[in-house]
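# Per-entry structural report
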Amino acid sequence: MSAKRRVVIAGLGAITACGKGWEPYWNAAIQGRSAIVSAKPLNLGNFPFKNAGMIPDFDAKEFVENRKSIKVMSREIQLAVGASRLALRDAKLSPENYDPTRIGVTLGTGIINNDLDEIGIGFRNSLDESGHFSMNKFGQEGIRSLFPLWFLKYLPNMPACHVSMVNQLRGPNNTVTTSSAASTQAIGEAYHVIERGDADVMLAGGTDSKLNAMGISRLHLLGFLSQHEDAPEKVYCPFDEKHDGIVLGEGAGIMVLESLESAKRRGANIYAEIIGYGSSSDFNYDPRDADDFTGKRVAIRRALEDAGLEPEDVNVIVANGSGIPQEDVQESLAIQSFYGQTFGKLQVTAVKPVTGHLVYGSGSVEAMVAALTTKKKLIPPVINLVKPDSNCPLPFVIGKTKSCEVKVAVINTFGFGGQNASLVFQHV
Amino acid sequence: MHPWCFNMSKRRVVVTGMGAVTPLGNNLKDTWLRITQGKSGIGPITLFDASRFPTRIAGEVKGFPFEKWVEHDPPLACATRSTFFALQAAAEAYKDAGLRPFCVNPNRFGIYFGAGDSGIDFEPFLKTLLPSFTTSGSEIIDKEKYLVNSSQHMSALRELESQPFMTVTHLTRLFDIRGPVSNCLTACAASSQAIGEAFEWLRRGDADVIMAGGTHSMIYPMGVAGFSLLTALSTRNDAPEKASRPFDKKRNGFVIGEGSGVLILEDLDHALHRQAQIYGEIVGYGSTADAYRLTDMDPEGKGASRAMEIALEKGGLGPENVDYINAHGTSTVVNDSLETLVIKKVMKEYAPKIPVSSTKSMLGHMIAAAGGVEAAFCFLAMRDSILPPTINYEEPDPDCDLDYVPNMARRAEIAVTLSNSFGFGGQNICLAMRKYNGK
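Quick look at the structure, then.

Calculation notes
Residues take numbers from 1 onward in each chain, read along the sequence in its written order. For naming, the first written chain is A and the first written ligand is 1, with later ones following in the order written. The model is predicted, so local features are restricted to residues of pLDDT at least 70 and side-chain atom pairs to those at 80 or more, both for listing and for counting; the totals for chains, interfaces and linings are taken over all residues. Helical segments are the DSSP runs of H or I of at least four residues, strand segments are the runs of E of at least two, and each set is numbered from the N terminus. Here the radius of gyration uses the C-alpha set of atoms, whereas the globule reference equals 2.2 Å times the residue count to the power 0.38. Burial in this document is a count-based property: other C-beta atoms within 10 Å of a residue's C-beta are tallied, and the residue is buried at 20 or more, exposed at 12 or fewer, or partly exposed in between, with C-beta positions derived from the backbone. Residues are scored as being in contact if the C-beta atoms we place from backbone atoms lie within 7 Å. Residue type decides the class: Asp, Glu, Lys and Arg count as charged, Ala, Val, Leu, Ile, Met, Phe, Trp, Tyr, Cys and Pro as nonpolar, and the leftover types, Gly among them, as polar. Only the stretch in contact is used when a helix axis is fitted, and all axes are lines through C-alpha atoms; the angle between N-to-C directions ranges over 0 to 180 degrees. When describing relative orientation, an angle under 35 degrees is termed roughly parallel and one over 145 degrees roughly antiparallel, while 65 to 115 degrees is termed roughly perpendicular and anything else oblique. Whether a crossing is left-handed or right-handed is set by the direction in which the near helix is turned from the far one by less than a right angle, anticlockwise for left-handed and clockwise for right-handed. Defined on buried residues, the nonpolar core groups Ala, Val, Leu, Ile, Met, Phe, Trp, Tyr and Cys residues joined through C-beta atoms within 7 Å. Whether two strands pair depends on DSSP finding at least two bridges between them.

### Some remarks on the overall build of chain B
A count of helices and strands for chain B gives 15 helices and 14 strands. Computed over the C-alpha atoms, the radius of gyration of chain B is 21 Å, within 12% of the 22 Å expected from 2.2 N^0.38 for a compact globule of 439 residues. Overall size of chain B, expressed as C-alpha extent along the three principal axes, is 70 × 55 × 40 Å. Burial statistics for chain B: of 439 residues in total, 63% are counted as buried. Contacts in chain B between residues far apart in sequence, at least 24 positions, make up 79% of those at least 6 positions apart.

Below, the structure written as structure tokens:
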């Protein structure tokens, strides 16, 4: 009686630098094309931030009928709402054919950065005669000059709230904030929600845009940004001997998870089944310890155990591959630790160079790639990987897309503070 | 029959340890004593100069030993206020649960937290922002200047620590938690949701013991500014202790509180095996969304009442079983009347007889941390047979006509409790808890 319900992916929606929808993203991945371009349009002058995966032509009006509500949506929220609409459309679901109380939302986000011009007004109006900031003036005039609903644009739970409002989704609603592992983990948590029967359908994924002054400044301070000079489409090179950090992207990915029973009943197009989810923390997290891969290993192991599989059963790992040398090495050590002399049928790819690093949102689109490898029988290459770092001896897909049967695909994502999440997908 | 009724063979979840840091005390014992005495933890804001802010009061944590933690563990040097609260509450809960290394397998010890973010690092931000104003054009801030200035004035480590996940990173490190890990941030519902999701993890068998709860402090200039602009805060600045008055006719908004509440959730068999103390059992968790409007709650409270119904149903409970409800009870005009409506709808003819109280009347609203301490109060109410009061209840509101345990704690036998938490943006969480009677 207590058999767990099976959960499948029945729809995909993505908005990235490659375009709107999962198709342009997938096509770019299998064609080995990076959508990273020059960051000149961001007008950052001589600041050393040269390239990014920017979405050039996003207009929220295309996805949101109520124009007024766009004003209270930060870019992250707008992207999530857009991706949610695309995902529901792809799954052929609309409010007429679902029970809103049985559909929920789980997204991965984190701190949404303020628009500096928006809060800047409040601070400019808080300067005293000598040009110094006055807390008294801020309390009186500064606050009043801010947009009254400003605060609501930046609460981390707002993307999931707007997605629920725009699409009338009244089931469970959650927001996971575990750094770059957040979106992967959101998908894992949503899978559990359906498995235990709390919903029949969940919209799961995440959203992020760090292509703003506060976002760039933080990652720059942390020393994570690549300073590698080359043509924009060539700079981001995880696992290559030239890897030196991340190149930022922006975007949102939302997948429609559905109970197998419900998807079959309505004849849905099934991309893959989700059969395993594992999370962990780098419990002895010390950024100086380049060799400590145990936390990452545990997340992968836990996801495989959840799926009832052995490492030898895995055809593809869509690696975190952030391009931060230490993270790439740790991930390589973690993956290697499961295999002896030979990797067997395992192939490893990494797709962050396609869109740039989506940070909190990264797992949301990368999970789509993992699912699609099982459906399309294609494994995209690691873009810009020419000569792997000698500390990363993994069976990479290099050069061009590989065509082969994929029964089991795993995705890893690891956060900057030591959060790890892995998912296992299976061909249906 | 709902699908979850098929899963009656699932593992049972009990609470074996609790801890808190609140405006009424730096541990749960002191907090609970003052709660049962009906004391208020609200006072003037001292954390920054709020003397010209529309709201100048809050529930601050007092006399907290920050230095002790840093001395003990130098990597905490740049940790945020709310991370320290979480560590203290977690240490209390861990000890209270009788946990020691080797009595729980670290790989079966997980954490599901609702840690809030800590906002902008204000002083370095000012130093970065103020020299970055433009002199012409449509932009207010010159982004290139901002970036250059930030490299000089901001600290990488402090920026990293301000992210909401760092609390959990420290907790896993210090308590050797190597099981599954998550942090959710669903505004005012976060720590209740974390406890509910931890309950589901345990029922699924993903861990034997889980540290769950939340921590938050939003008593900083941008936090007070943000809530003020939403006209959500009480402006009763001249009478801080009277400002949080849930369900009272003269309520005019919530008061920001801060702190942390942490529970140790444990698989019943695991707890019995190690002969742990058992406060009670978590039996139900409901999570829904209003999907209504950004700034308003659904006027019929459909989502909130469904969350309560799901929690009851998962726990195999009906309205007739409920002995106490710890309300969300924020002291805003809308929440309290709507929550009353929701309780009446779900509890039907039993509603007038069920005591409902809001401990936010004493602590203020601890935002993401609120649900953690409120769940702890539910277990303590069951243990001590005491209903915590709603203080500052002076004038009845015709829209709020339940038994709010006005002003004075009251003795009562309590076997089943509910705790409501509703988030800004429409997340509704309800937890159902019951006394553990040895069976």
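Here the narrative resumes.
### Examining the interface of chain B and chain A
Listed as interface residues are 74 residues of chain B and, on the opposing side, 75 residues of chain A. Per-element tally for the side of chain B that touches chain A: the top contributor is helix α5 (residues 143–153) of chain B, with seven residues. Grouping the amino acids of the side of chain B that touches chain A by side-chain chemistry returns 38 nonpolar, 22 polar and 14 charged.

### What to know about the environment of B:Gly213
Summarising the element assignment, B:Gly213 is placed in strand β6 (residues 209–217). The residues touching B:Gly213, leaving out its near neighbours within four places in the chain, are B:Ala89, B:Phe113, B:Gly114, B:Ser191, B:Ala194, B:Ile195, B:Ser260, B:Gly261, B:Val262, B:Leu263 and B:Gly372.

### Overview of the packing of helix α8 (residues 213–221) of chain A against α5(B)
Where α8(A) meets α5(B), the closest approach of the two axes is 10 Å, and the angle between their N-to-C directions is 30°. Between α8(A) and α5(B), the angle is such that the two are roughly parallel. Crossing angle aside, the handedness with which α8(A) passes α5(B) is right-handed. When α8(A) is examined against α5(B), the residues A:Ala213, A:Ile216, A:Ser217, A:His220 and A:Leu221 are found in contact with a partner set consisting of B:Lys143, B:Tyr146, B:Leu147, B:Ser150 and B:Ser151.

### Structural notes on the nonpolar core
If you look at the biggest cluster of nonpolar residues, it comprises 291 residues, and the most contacted ones within it are A:Met255, A:Val256, A:Leu257, B:Ile210, B:Leu263, B:Leu265 and B:Leu431. At ten residues, the largest contribution of residues to this core is made by helix α15 (residues 370–384) of chain B. Ignoring anything within four residues of it in the chain, the contact list for A:Leu257 reads A:Val7, A:Ile9, A:Ala190, A:Tyr191, A:Ile194, A:Val201, A:Met202, A:Ala204 and A:Ile274.

### Observations concerning the sheet that holds strand β4 (residues 109–115) of chain B
Residue and element names in this part refer to chain B. Strands sit in the order β5-β4-β6-β7-β1-β8-β14-β13-β9-β10 across an open sheet of ten strands; the sheet is mixed. Here the strands that pair on one side only, and so sit at the sheet edges, are β5 (181–183) and β10 (356–357). As defined by bridge partners, β6 adjoins strand β7 (residues 258–267) across nine bridges and the pair is classed as antiparallel. Considered in β7, the bridge of Ala212 is made with Leu263. Of the strands in this sheet, β4, β5 and β6 touch helix α7 (residues 166–174), which is tilted by about 150° from β4.

The values are spatial; any link to function lies outside them.
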